[in-house]
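Remarks on the overall topology
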Amino acid sequence: MTYRLRVLYNLGGYLAAACLSLICLLITAQILGRVIDRIAVASGADRIGLAIPGLSEISGFLLVGASFLGLAYTFIHGGHIRVTLLIGRLPAAIRVWVEVFCLGVALVLCVYLAWNLYVLLADSIAFNETSYGLLRIPLWIPQTAMLAGVGLFCLALLESLTHTLITAIRSPQLFIADDSGHE
């Protein structure tokens, strides 16, 4: 299946990869800072104190961004876990309608999640909520990444559902889904 909004889904994947790369970079910098401190102490000098304050909190927020921004990208590339043991044995004309049902349920749940994330984000902005850690990071920042990722996932599900529904109506006997569930 070709996705019309593949550029957006790829952008989400690239942003997720950037979040993971930034986590790796920050942790590497923290490790190097500790190594330099130990070398300084071993050579008789005082600790330099090369530490990144709030690293675990920042890494956690970046992990949230990576997890949610990568949802649509993973979906369109067939990376989500699917159990096709039962529906893989069904005739194509029935399997396509099971796919429509599953995609419909997934879309409804995803839209529900997106709506609640929007409400959460609006509350965080209205009440100027910040994190409780060492750094006072405004919570709307990671929540925006969550909402953007779920929004992209909703679009990917809607696109897939539309395409599968058209196939189910026009020619259900020709429905062939690969392991990812995409035609």
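The following refers to the structure shown. Owing to the predicted nature of the structure, the values given are computational and were not obtained by experimental measurement.

**Things to note about the pattern of salt bridges**
- Using the criterion set out here, one finds 1 salt bridge in the structure.
- In this structure, D37 and R47 form a salt bridge, with 3.4 Å as the shortest nitrogen-oxygen distance. Taken together, the positions of D37 in helix α1 (residues 6-42) and R47 in the loop between α1 and α2 (55-69) put the pair 10 residues apart, joining distant regions of the chain.
- A relative accessible area of 5% places D37 in the buried class.

**Considerations on the packing of aromatic side chains**
- Considering all chains together, one arrives at 3 aromatic pairs under this definition.
- A centroid spacing of 5.7 Å and a plane angle of 75 degrees characterise the contact between F75 and F153, whose relative ring orientation is edge-to-face. Residue F75 is found in helix α3 (residues 71-76), and its partner F153 is found in helix α5 (residues 140-170); the two are separated by 78 residues along the sequence. Both residues of the pair, F75 and F153, belong to the buried class.

**What about the side chain of N10?**
- Locating N10 in the fold gives a position in helix α1.
- If sequence neighbours within four positions are ignored, N10 has contacts with Y73, I76 and H77.

Parameters at a glance
- Residues numbered from 1 in each chain as written.
- Predicted model: local features only at pLDDT ≥ 70, side-chain atom pairs only at ≥ 80, totals over all residues.
- Heavy atoms only, no water.
- Salt bridge = Lys/Arg side-chain N within 4 Å of Asp/Glu carboxyl O.
- Helix = DSSP H or I, 4+ residues; strand = E, 2+ residues; numbered from the N terminus.
- Buried < 20%, exposed > 50% of the residue type's maximum accessible area, 1.4 Å probe, protein only.
- Phe/Tyr/Trp six-rings, centres within 6.5 Å; stacked < 30°, edge-to-face > 60°.
- Contact = heavy atoms within 4.5 Å.

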